[in-house]
Amino acid sequence: MAATSLSLSLGLPSAANNLNRHAALNIITCENTSPNQDRSCTRRPFLLGAGALSLSLLPASPLLAQGKPENYEIFVDKQDGYSYYYPSDWREFDFRGHDSAFKDRYLQLQNVRLSFIPTDKSDIHDLGPMEEVVPDLVKHVYSAPNQVANIMEMKERTTEGKNYCTFEYVLTSPNFSRAAFATIAIANGRWYTLIVGANERRWRKFRNKLKVVADSFQVLDI
């Protein structure tokens, strides 16, 4: 629905040149009600299944196999083909250039947002080795010119035949630092990116809470 501004030399068209076990869940779902209507979002029970995780780097959270954890809700966009958890006390908001976003009610810099761009690739490994792709993304796409990027951790997982890469990074500028997890995946002719982060000063306290969000991201067939 929305696109992020990625400009990469990875064979992807850019949106701009600049830069579980099965469990019945209470979720928000988004879909089109008819061809002539905008999509609508409703909260209702939904059955979400997730397969076992196969990891090639660091261990991933087993939460997808266990069902939605306590104090989280799940956002499912059936129209655009993705889902993820978010803390139940966060609220939805508009984040320019993103398809969906939620933020903490009081700490607005703690948020999650999801964007995608078109691609002719079918899998993240078509982009190249993740050890090369991830630094290129963090340093040349996610970072501003005055920021220093530091990648802390990276892992890959496979869920229901689709590959994901999640990486933790810190962006430091002269007056501000922000830490985040990003998870990327390719499906449905789209490159999906989920980013969840916070002010670096609060990162140690909230890191594990935000990692649940990053590890929960899943693309759906549309």
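Reading guide: rules and limits
Residues numbered from 1 in each chain as written. Predicted model: local features only at pLDDT ≥ 70, side-chain atom pairs only at ≥ 80, totals over all residues. Heavy atoms only, no water. Helix = DSSP H or I, 4+ residues; strand = E, 2+ residues; numbered from the N terminus. Buried < 20%, exposed > 50% of the residue type's maximum accessible area, 1.4 Å probe, protein only. Areas by Shrake-Rupley, 256 points an atom, 1.4 Å probe, with all protein chains shown as cover. Salt bridge = Lys/Arg side-chain N within 4 Å of Asp/Glu carboxyl O. Pairing = 2+ DSSP bridges. Polar contact = N/O pair within 3.5 Å; in protein donor to acceptor, adjacent residues only side chain to side chain. Expected span 1.5 Å × (residues − 1). pLDDT = per-residue confidence, 0-100. Contact = heavy atoms within 4.5 Å.

**Considering the overall build of the protein chain**
Next up, step 1: Looking only at helices and strands, one finds three helices and 13 strands in the protein chain.
Next up, step 2: Here the protein chain holds 222 residues, and the buried ones make up 54% of them.
Next up, step 3: With an accessible surface of roughly 10,800 Å², the protein chain has 48% of that area assigned to carbon and sulfur atoms.

**Details of the pattern of salt bridges**
Pairing of side chains with opposite charge becomes possible as their charged atoms draw close.
Next up, step 1: Inspection of the entire model under this criterion finds six salt bridges.
Next up, step 2: For Glu153, the salt bridge is made with Arg207, and the minimal N-O distance between the two is 3.6 Å. Residue Glu153 is found in strand β9 (residues 148-159), and its partner Arg207 is found in helix α3 (residues 203-216); the two are separated by 54 residues along the sequence.
Next up, step 3: Taking the relative accessible area as the measure of exposure, Glu153 reaches 24% and is therefore partly exposed.
Next up, step 4: In this structure, Asp215 and Lys211 form a salt bridge, with 2.8 Å as the shortest nitrogen-oxygen distance. Taken together, the positions of Asp215 and Lys211, both in helix α3 and four residues apart, correspond to about one turn of that helix. The residues Asp215 and Lys211 share a single accessibility class, namely buried.
Next up, step 5: Connected through salt bridges with shared partners, the residues Glu153, Glu168 and Arg207 form a single ionic network.

**Some words on the pairing of strand β12 (residues 190-199)**
Next up, step 1: Judged by how many residues are buried, β12 sits mostly within the fold: 10 of 10 residues are covered.
Next up, step 2: Bridging between strand β8 (residues 111-118) and β12 involves eight bridges; their strand directions are antiparallel. Residue pairing in the sheet places Phe116 in a bridge with Tyr192 of β12.
Next up, step 3: Pairing between strand β11 (residues 177-187) and β12: 10 bridges, direction antiparallel. The residue bridging Ala185 from the neighbouring strand is Tyr192, located in β12.

**Topic: the side chain of Asp77**
Next up, step 1: Relative to the assigned elements, Asp77 resides in strand β4 (residues 72-77).
Next up, step 2: For Asp77, a relative accessible area of 0% gives the class buried.
Next up, step 3: Reaching out from Asp77, the side chain makes a polar contact with the backbone nitrogen of Asp80 at a distance of 2.9 Å.

**Quick notes on helix α2 (residues 130-142)**
Next up, step 1: The end-to-end C-alpha separation of α2 is 16 Å, well short of the 18 Å expected for 13 residues at 1.5 Å each.
Next up, step 2: Looking only at α2, the buried set comprises Met130, Val133, Val134, Asp136, Leu137, Val138, Val141 and Tyr142.

**Side note on the confidence of the model for the protein chain**
Next up, step 1: When pLDDT is averaged across the protein chain, the result is 77; 70% of the residues are at 70 or more.
Next up, step 2: Within the protein chain, the lowest mean pLDDT, 29, falls on strand β3 (residues 53-55), and the highest, 97, falls on strand β10 (residues 162-172).
Next up, step 3: Below a pLDDT of 50 lies the segment residues 33-38, which in the model reaches four contacts outside its immediate sequence neighbourhood of four places, other chains included.
Next up, step 4: Ignoring residues within four places in sequence, the model shows residues 42-65, a span with pLDDT below 50, making 86 contacts including any to other chains.

**Considerations on the pairing of β4**
Next up, step 1: Summarising burial for β4: six of the six residues are buried, a large majority.
Next up, step 2: Neither face of β4 is exposed, since Tyr72, Ile74 and Val76 on one face and Glu73, Phe75 and Asp77 on the opposite face are all buried.
Next up, step 3: As paired strands, β4 and strand β5 (residues 82-87) are joined by six bridges and run antiparallel to one another. Residue pairing for β5: Phe75 is matched across the bridge by Tyr84.
Next up, step 4: Where β4 folds back onto β5 in an antiparallel hairpin, the turn is made up of four residues, including Gly81, whose phi is positive at roughly 80°.

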